[in-house]
Amino acid sequence: MTQKLLFTGKTHTTGGRDGATRSSDGFLDLKLAAPHPAAEQLFAAAWSACFIGAIEFTANQRKIALPTTPAVDAEIDLSLGDDGFSLSARLNVSVPGIDAETARALVDAAHQICPYSKATRGNVDVEVTLV
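Residues numbered from 1 in each chain as written. Predicted model: local features only at pLDDT ≥ 70, side-chain atom pairs only at ≥ 80, totals over all residues. Heavy atoms only, no water.

**Some thoughts on the sheet that holds strand β4 (residues 71–81)**
The condition is simple: Strands qualify as paired when DSSP identifies two bridges or more between them. What counts as a helix is a DSSP run of H or I of at least four residues, what counts as a strand is a run of E of at least two, and both are numbered from the N terminus. Angles run from 0 to 180 degrees between N-to-C directions of axes, and those axes are lines fitted to C-alpha atoms, restricted for helices to the stretch in contact.
Reading across from one edge, β4-β5-β6 is the order of the 3 strands in this open sheet, with mixed pairing throughout. Where the open sheet ends on each side, the last strands, each with one partner, are β4 and β6 (125–130). Recorded for the sheet is a direction-independent mean angle of 15° between the axes of neighbouring strands. Here β4 runs beside strand β5 (residues 84–94); their pairing, made up of 11 bridges, is antiparallel. Within β5, the residue paired with A71 across the bridge is S94.

Now the structure itself:
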């Protein structure tokens, strides 16, 4: 299967959870401070944005007009257990202005094609809720 590269995100991070991160284009320039959950918030923001794009892509493919932009409230948990650190996630998705059955179908399809959902599948406990 041939793939076309669309984007490459580049960052430089120093100091880990108590350091700083900066994107190569300067768009992101953040100080990180432990024990603040900045890494989990950045992951939540990126996944949410990607997930909305996947919903819009799916709606377009199915010729469904979205009356307004979907929204995602993402929650990323960092936990420590007997086997070390792990992540879990909750994506609370709103697709206003369309019926619940159509919205559910779009959300389920988006979860199958979103690159973040694919990357975490089988590795992270994920709950996707239509709100």
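Don't stop here, the text continues.
**Examining the packing of aromatic side chains**
Rules: Here is the rule: rings of Phe, Tyr and Trp (six-membered ring for Trp) pair when centre to centre is within 6.5 Å. Planes less than 30 degrees apart are stacked, more than 60 are edge-to-face, and the remainder are tilted. Partly exposed describes any residue whose relative accessible area lies between the buried limit of under 20% and the exposed limit of over 50%, with all areas from a 1.4 Å probe on protein chains only and scaled to the type maximum.
Under the definition given, this model contains 2 aromatic pairs. Judged by centre distance (6.0 Å) and plane angle (55°), the ring pair of F43 and Y116 falls under tilted. Taken together, the residues F43 in helix α1 (residues 38–61) and Y116 in helix α3 (residues 115–120) connect sequence positions 73 residues apart. You can call F43 partly exposed: its relative accessible area is 23%. Counting every residue linked through ring pairs, the aromatic cluster contains F43, W47 and Y116.

**As for the environment of V126**
The criterion, for reference: In what follows, a contact means two residues having at least one pair of non-hydrogen atoms within 4.5 Å.
Considering the arrangement of structural elements, one finds V126 in strand β6. Looking at V126, the relative accessible area reads 26%, which means it is partly exposed. The spatial distance from the C-alpha of V126 to the C-alpha of R90 is 5.7 Å, given a sequence separation of 36 residues. Not counting chain neighbours up to four residues away, the residues in contact with V126 comprise W47, A89, H111 and T120.

Distances and angles like these do not, on their own, reveal function.
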